[in-house]
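# What the coordinates show
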Amino acid sequence: MFLGGLAATAGLAVACCAVSSTEKVAILAQKNIIIWNPETKTESFVRNAKFETGAKNFGFITPTPSVPKLDEVDPEAFKNLDAVIKEYEDKLRSRAKSAGGSTASAVEVIQAAKVAGYDAVTLKASDASALAEWMRKHDYHTTLSIQNWTDFYIKKGWYLTAFKVAAEKGRAETGLVKMTFKTETPFNPYYVPADNISANATGKGLAVYFIGPGIYDATDPRTALRNQTAVRLSPLVEYVLRGQLKMDSFPKTPVVTLMIDAGFPRESSDDVFFELLGPEAPSSAKGWFLLAGLPLLLVLRRKR
C-alpha cells in the first residue's frame, strides 16, 4: 500500500494503497520480483510501480508479516529476467513454427531508515484508529477505505512500512527497494484500497517474476494472476541476478515463473499466495549468456 507524501498521504507497497494529502493517487502498473527460499521461510520482494496523481508529493506503506530488511537494488534485474523469459518464449515459437503448428502508544516505531531516496519507517499498530491518528500527526492523509485496508493487516499482526516519495509533473516511478522478511507462505500484495483504483487509468496490469526452487502458481483459482512461463536459471544468470538484487544466495535450482494479471489493480479482499507445482522447468537458453558476457569480452579485447 502506498502512504502519503512529504506532507501528504498514505499507501502500501506490498499490498498496495497509494495516497496524497490533497489529490487521489492511482496505480497504473506494477512489475514485481519475488525470491522465495522455503528452507529459511524468507521472501525478498522488489516492486517497480507507476502511479498517476495530481499531487506534488505522495508516498506509500507496505505490509509484511515480519520486520523487513530494506535494500536498494539494481533495476537491470528486471531487464535480465525479461531477457530470460523472452528468449525461452522465442525458442518455443520457433519450435512450434518448425513443427507446423487511536493513541500514540498503540503505534510502535520498529525501525527507521533512508533507502533509495525514501524515508522509511516500519510500524506495528494495535488498531486502525490508532494508526490513523499517528498518520494525521505525521502529516499523512487517510480515508475510510485506507483505514479498512490497514485494519485488515493489523488484525493479521503484520508490520506496516511507510515510505515517502515526491512526484514530478503528476507522475512518479519509484526507485527499487528490496524488502526481505520471514513468512510462512510466499505472497504478492494484491488487495488494493478502492481509493487507488481509477476507472480512467490505462495501466498495464501486474507482472510477477517469482524465483523459487521449482514452478509456482497462485493457490486461489479465483485470482486473475496466473502462471505464464517458467524457466530454470543458469548459473551465470543466477550469479548476475544475485549481484543486482543483493542476495547472499538463491534457492536451490532456481526457476523463474512469470505470472501476469492484465487487469490489475482490481477489487480484492486478500493478497495472492503461492504454492509449488513441481520442481522441473526448461533450462534457460544460452543466447542470453552471450549478451551477458559481451561487456567482459570487449574489455578483454581492449586490453589486448
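Everything in this summary refers to the structure shown in the same document. Since the structure is predicted, the reported quantities are computational estimates derived from the model, not experimental observations. (Residues numbered from 1 in each chain as written. Predicted model: local features only at pLDDT ≥ 70, side-chain atom pairs only at ≥ 80, totals over all residues. Heavy atoms only, no water.)

### Here's the deal with the nonpolar core
Counting 44 residues, the largest nonpolar core has Leu131, Phe163, Phe210, Leu225 and Phe274 as its most contacted members. Ranked by size, the runner-up nonpolar core spans 23 residues in total, among them Leu81, Tyr88, Leu176 and Val231. (Core = buried A, V, L, I, M, F, W, Y, C linked by side-chain atoms within 4.5 Å. Buried < 20%, exposed > 50% of the residue type's maximum accessible area, 1.4 Å probe, protein only.)

### Notes on unusual backbone geometry
If you check the backbone angles, Lys246 has positive phi at about 55° while not being a glycine. In this fold, Lys246 is placed in the loop between helix 4 (235-244) and strand 16 (255-261). At Thr253, a position not held by glycine, the phi torsion is positive, near 40°. Topologically, Thr253 is positioned in the loop between helix 4 and strand 16. By relative accessible area, Thr253 is classed as exposed at 54%. (Helix = DSSP H or I, 4+ residues; strand = E, 2+ residues; numbered from the N terminus.)

### Overview of the layout of surface pockets
Sizing a probe to match a water molecule and rolling it over the atoms shows the empty space that remains. If you add up the space inside the second largest pocket, you get close to 290 Å³. For the lining of the second largest pocket, the secondary-structure elements that each account for two or more residues are strand 3 (25-37), strand 4 (42-53), strand 6 (69-72) and strand 11 (177-182). Its residues placed into classes, the lining of the second largest pocket shows four nonpolar, six polar and five charged. (1 Å grid on protein atoms, 1.4 Å probe; cavity = no way out; pocket = protein on both sides within 12 Å on 5 of 7 lines; lining within 4 Å. Points joined across faces, edges and corners; volume = space filled by probe spheres on them. Nonpolar A, V, L, I, M, F, W, Y, C, P; charged D, E, K, R; others polar.)

### What to know about the pairing of strand 17 (residues 272-278)
Of the pairings in the sheet, the one linking strand 12 (residues 187-188) to strand 17 comprises two bridges and is antiparallel in character. Counted as the bridge partner of Phe187 is Phe273 from strand 17. Relative to strand 17, strand 14 (residues 215-218) is paired through four bridges, and the arrangement is antiparallel. From the neighbouring strand, Asp217 faces strand 17, where its bridge partner is Glu275. (Pairing = 2+ DSSP bridges.)

### Some words on the packing of helix 2 (residues 128-137) against helix 3 (residues 144-155)
Any two packed helices are characterised by the angle at which their axes cross and by the distance between the axes. Interaxial distance between helix 2 and helix 3 falls to 9 Å at its minimum, and their mutual angle equals 125°. Considering their axes alone, helix 2 and helix 3 lie oblique with respect to each other. For the element pair helix 2 and helix 3, the recorded crossing hand is right-handed. Across the interface between the two elements, Ala128, Ser129, Leu131 and Ala132 from helix 2 touch Gln147, Thr150, Asp151 and Ile154 from helix 3. In the contact of helix 2 with helix 3, the residues fall into four nonpolar, three polar and one charged. (Axes fitted to C-alpha atoms, helices over the stretch in contact; angles between N-to-C directions. Parallel < 35°, antiparallel > 145°, perpendicular 65-115°, else oblique. Left-handed = near helix turned anticlockwise from the far one by under 90°. Contact = heavy atoms within 4.5 Å.)

### Some words on the sheet that holds strand 17
The strand order across the open sheet built from three strands is 12-17-14, with neighbouring strands paired in antiparallel fashion. Each edge of the open sheet carries a strand with a single partner, namely strand 12 and strand 14.

### Section: helix 4
Of all the positions in helix 4, only Val237, Glu238, Leu241 and Gln244 are classed as buried. Down the axis of helix 4, the buried side of the element spans an arc of 130°, and every buried residue falls inside it. Exposed and facing more than 90 degrees away from the buried side of helix 4 are Pro235, Tyr239 and Gly243. Backbone geometry just after helix 4 places Lys246 at a positive phi near 55°. (Arc of directions from axis to C-beta.)

### Let's talk about the pattern of salt bridges
Between side chains of opposite charge, pairing is possible as soon as their charged atoms come close. This structure, assessed with the given rule, holds nine salt bridges. When the shortest N-O distance is used, the salt bridge between Lys252 and Glu39 registers 3.5 Å. Residues Lys252 and Glu39 agree in their burial class; the two are exposed. (Salt bridge = Lys/Arg side-chain N within 4 Å of Asp/Glu carboxyl O.)

### What about the packing of aromatic side chains?
Applying the stated criterion to the full structure yields 14 aromatic pairs. Geometrically, the ring pair formed by Phe152 and Tyr191 is edge-to-face, given 5.3 Å between the ring centres and 90° between the ring planes. Taken together, the residues span a long stretch of sequence, with Phe152 in helix 3 and Tyr191 in the loop between strand 12 and strand 13 (205-212) at a distance of 39 residues. Its guanidinium or amino end placed over the ring of Trp158, Lys156 lies 4.0 Å from that ring's centre, counting from NZ or CZ. (Phe/Tyr/Trp six-rings, centres within 6.5 Å; stacked < 30°, edge-to-face > 60°. Lys NZ or Arg CZ within 6 Å of the ring centre and 35° of its normal.)

### Thoughts on the environment of Lys124
Among the secondary structure elements, Lys124 is positioned in strand 8 (residues 118-125). Look at Lys124 and you get partly exposed, because its relative accessible area is 25%. Separated by 16 residues in the primary sequence, Lys124 and Glu108 place their C-alpha atoms 5.1 Å from one another. In this structure Lys124 touches Ala106, Val107, Glu108, Ile110, Gly157, Trp158 and Tyr159, once residues within four positions along its chain are discounted.

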